[in-house]
Amino acid sequence: MPRLFTGLELPAQTGLHLSMLRGGLKGSRWIDPENYHITLRFIGDIDDRTADEVADALSRVRRDPVEIRLCGLGSFGNGKPHAVWARVQPTPQLAELQAEQERILQRLGLAPERRKYMPHVTIARCKTASNEDVARWLMERGDFQAPPFKAGRFVLFSSRASVGGGPYLVEEAFPLAA
């Protein structure tokens, strides 16, 4: 039973910019640059038949390439940080691509995503990092920016049901070219 999600890959140059943020945050596990991505929609563990239906339905998406800008950093966690990430500047094109995938997956009978979509690239998982350590790390690097890029495709990723952070495999790729 594959664990799937859709996302956008990052160019190697963008990964290099993000990898320069690594370090300086005790109690964190850094994501390997080859596993950086922007999640569009987490699907979860599904059977092979449903996975084939998902891939088939996603193959009908017709959208133009999406410009991506990374600017700023943040963290997730209520009371205790569990991840630090680079912010992806929201755009109407990115929101429309994500919303279309949400509609497609719901039509296939998958449960709707409960969380509001917030585009980001996870760069570290915080295991024992304190709020103070994360706040200091963010303050020291908070003006982060990377050169913009065009995402020319989105992909269907699979992952092992493990700790998170990869490795991720590209199961299918779907061009963005209306």
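Note that the structure is a prediction, hence the values are computed from the model and not measured. (Residues numbered from 1 in each chain as written. Predicted model: local features only at pLDDT ≥ 70, side-chain atom pairs only at ≥ 80, totals over all residues. Heavy atoms only, no water.)

### A closer look at the environment of Gly27
Mapped onto the fold, Gly27 is located in the loop between helix H1 (12–19) and strand S2 (28–30). In this structure Gly27 comes out as partly exposed when scored by relative accessible area, which is 27%. As for Gly27 and Arg69, which are separated by 42 residues in sequence, their C-alpha atoms are 28 Å apart. Beyond its immediate chain neighbours, meaning those up to four positions away, Gly27 contacts Arg125, Cys126, Lys127, Thr128 and Ala129. (Helix = DSSP H or I, 4+ residues; strand = E, 2+ residues; numbered from the N terminus. Buried < 20%, exposed > 50% of the residue type's maximum accessible area, 1.4 Å probe, protein only. Contact = heavy atoms within 4.5 Å.)

### Focus on the sheet that holds strand S10 (residues 168–175)
Strands sit in the order S3-S1-S9-S10 across an open sheet of four strands; the sheet is antiparallel. Here the strands that pair on one side only, and so sit at the sheet edges, are strand S3 (37–45) and S10. Across the sheet, the mean angle from the axis of one strand to that of its neighbour is 25°, orientation sign disregarded. Two strands pair when backbone bridges link them, and strand S9 (residues 153–159) and S10 are joined in this way by seven bridges, in the antiparallel orientation. (Pairing = 2+ DSSP bridges. Axes fitted to C-alpha atoms, helices over the stretch in contact; angles between N-to-C directions.)

### Describing the sheet that holds strand S7 (residues 120–126)
Spatial strand order, S2-S7-S6-S5: four strands in an open sheet with antiparallel pairing. For this open sheet the edge positions go to S2 and strand S5 (70–76), each flanked by a neighbour on one side alone. Adjacent strand axes in the sheet meet at a mean angle of 30°, parallel and antiparallel pairs treated alike. The pairing of S2 with S7 spans three bridges and is classified as antiparallel. Paired with Ser28 across the bridge in S7 is Cys126. Contacts between helix H4 (residues 131–141) and the sheet are confined to S2, S5, strand S6 (83–88) and S7, with S5 contributing the most and set at about 175° to the helix.

Honestly, it's all geometry; don't read function into it.
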